[in-house]
Amino acid sequence: MKNQLTIFLLFLSFFSYGQTETNWKKSAFTISPEFLIGKTMEANDGFPSTGLQKQLIINFGRDNTNNPQQWAQQLKSPKTGFSFGITEFGNLDSLGIALTAMPFIEFNAFGSNRFKVHTGVGASYFTKKYDPTTNPLNRAVTTSITWAFRTYLFYEFLATEQIDWRVGLGYSHHSNGHTRLLNIGYNSFLVSFSADIKNPLQQTPALSEIIIQKHKQTVNNYFALRGGLGINTLATAINNTDFVYNFAGEYGRIYNNTFKIGVGFYSRLYQHYYNYIKGNESLVQPGRDYDYFRSNPYYYASNFGVSIHGEIFLNHIGIDLQLGYNFHKPAYEMDYRMNEGWENTPREIPTDWVLGALNTKYSLKYRISSRIGLKYYLIGMEKAPKNNFYLGAHINANLGQADFSEFSFGYVRSFNFRERS
């Protein structure tokens, strides 16, 4: 999990400062202190009682109104940047405090400059987590480092010469990406009050005379390959972290150096599944439900699927989303039944133990995969490179339930560049 935080700290710096330096940036810096109150939802039966959740966040941003790059024009000049925050969840003894670092992007909404949609993904450090002896009631967070997600709608109710005052409403989430169980996570709904402090340089006459050159409409084809190393855990009785080995490819188109859409494939090998089979654990022993897995551990521990991809480029940064369909993931049936049956399934599972039922919920999770995260490209997309490399940090899920956290390295080859009419 330390690697997870390191990757995101790199993204924090790249997210705002990864573009070509130009004079417009001198006036683009903004700062928005924000105070939030709300409620931490109960994560499990017997969850500790909580008062009001309180957050203090400082948003360091960049107003891209005068950004001459193509992505800024295509996306209608969103604000980008990163946030540092501290959260007190309403019970210091059991829930503690979270320190969060998070890249964000903020768009106008409903065709109005007064409404803003603000969203971000990053990492949090927790001072309190589950402990069977000292903190048994809080089963929401079991690792010191977690993923952090945030989506808010802001409304600017008062604009002055120096400060725009805003209120907001939104949702925050923290979970560890299935790197350790339990992984229920914190879900919170909060009200926000913030001050968007204007940069005095924005009012200079020179900036009002800036003319941003229109970019040509372009399209090109691409293919990409990536390798990734994921981390996850199997069950509460086998709760150590192990690897998920990934290889994937895709093909598609990039529009205006800003939007990408493609189709692809992925291949994965789950070390936990392989170890469970090779170790002759309970459910694969002779006469048990999955004893046939032992005939080919690699085959039954693997996962193959096809996918569709969407990505938004902010020059060096890619905001990446994938939706996949699994046509081969046999060990997930065993995984699901082990974790969805009676609580606290032991490592040595008795023959009369009730395993989870294979219902519609299982079918959807077995077939549908998803993947969301950030990439950092070595060469900014503004240069329309023919060859490019990237580092990525993603969370992968079975439908909407976390499967594993992943760090990846990829190569992109672009070709057939042309203008669109």
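The structure displayed is predicted, hence computed values, not measured ones.

Caption draft 1: Inspection of helix α4 (residues 271-278) at higher detail. Most of α4 is tucked away, with six of its eight residues classed as buried. All buried positions along α4 are accounted for by Gln271, His272, Tyr273, Tyr274, Tyr276 and Ile277. As for α4, its buried residues are in contact with β9 (218-232), β10 (242-255), β11 (259-270), α5 (297-300) and α6 (331-340). Of the residues one or two after α4, Asn280 is the one with positive phi, at around 55°.

Caption draft 2: Here's a closer look at the pattern of salt bridges. As enumerated under the stated definition, the model contains 17 salt bridges in all. Across the pair Arg166 and Glu106 runs a salt bridge, and its minimum N-O distance is 2.8 Å. With Arg166 in strand β7 (residues 163-175) and Glu106 in strand β4 (residues 97-109), this pair connects stretches of sequence that are 60 residues apart. Owing to a relative accessible area of 5%, Glu106 belongs among the buried residues under this scheme. A salt bridge links Lys216 to Glu419, with the shortest nitrogen-to-oxygen separation between them at 3.2 Å. Of this pair, Lys216 sits in the loop between α3 (205-208) and β9 while Glu419 sits in strand β16 (residues 401-419), and the two are 203 residues apart along the sequence. One continuous salt-bridge network, built from bridges that share partners, spans Arg226, Glu250, Lys260, Glu311, Asp320, Arg371, Lys375 and Glu406.

Caption draft 3: Highlighting the nonpolar core. In terms of nonpolar packing, the biggest core is built from 27 residues, with Tyr273, Tyr276, Leu283, Val284, Phe293, Met334 and Met338 touching the most fellow members. The set of elements that each furnish at least two residues to this core consists of β11, α4, α6 and α7 (360-367). Sort the elements by how many residues they give to this core and α6 lands first, with five residues. Not counting chain neighbours up to four residues away, the residues in contact with Val284 comprise Tyr276, Ile277, Tyr290, Asp291, Phe293, Arg294 and Met334. By size, the runner-up hydrophobic cluster in this structure holds nine residues, among which are Ala43, Phe47, Ala98 and Phe126.

Caption draft 4: Quick look at the packing of aromatic side chains. Counted under the stated rule, the structure contains 37 aromatic pairs. Aromatic side chains Tyr251 and Phe415 sit 6.5 Å apart centroid to centroid with 35° between the ring planes, which places their arrangement in the tilted category. Highlighted residues: Tyr251 in strand β10 and Phe415 in strand β16, separated in sequence by 164 residues. In this structure Tyr251 comes out as partly exposed when scored by relative accessible area, which is 44%. Take Phe415: its relative accessible area is 29%, and that puts it in the partly exposed class.

Caption draft 5: Just the sheet that holds β7, in detail. Strand order in this closed barrel of eight strands is β1-β2-β3-β4-β5-β6-β7-β8, and the pairing throughout is antiparallel. Taken pair by pair, the neighbouring strands of this sheet meet at an average axis angle of 25°, ignoring direction. Pairing between strand β3 (residues 79-88) and β4: ten bridges, direction antiparallel. Counterpart to Glu88 in the pairing with β4 is Ile97.

Caption draft 6: Expanded view of a nonpolar patch on the surface. Taken together, Phe35, Ile37, Leu52, Leu56, Ile86, Leu99, Tyr125, Leu169 and Val191 make up a surface patch of nonpolar side chains, about 820 Å² in accessible area. Tracing the sequence through the fold places Phe35 in strand β1 (residues 29-40).

Cut-offs applied
Residues numbered from 1 in each chain as written. Predicted model: local features only at pLDDT ≥ 70, side-chain atom pairs only at ≥ 80, totals over all residues. Heavy atoms only, no water. Buried < 20%, exposed > 50% of the residue type's maximum accessible area, 1.4 Å probe, protein only. Helix = DSSP H or I, 4+ residues; strand = E, 2+ residues; numbered from the N terminus. Contact = heavy atoms within 4.5 Å. Salt bridge = Lys/Arg side-chain N within 4 Å of Asp/Glu carboxyl O. Core = buried A, V, L, I, M, F, W, Y, C linked by side-chain atoms within 4.5 Å. Phe/Tyr/Trp six-rings, centres within 6.5 Å; stacked < 30°, edge-to-face > 60°. Pairing = 2+ DSSP bridges. Axes fitted to C-alpha atoms, helices over the stretch in contact; angles between N-to-C directions. Patch = residues over 30% accessible without salt bridge, like charges linked within 9 Å, V, L, I, M, F, W, Y side chains within 5 Å. Areas by Shrake-Rupley, 256 points an atom, 1.4 Å probe, with all protein chains shown as cover.

So yeah, pure geometry; function would need other evidence.
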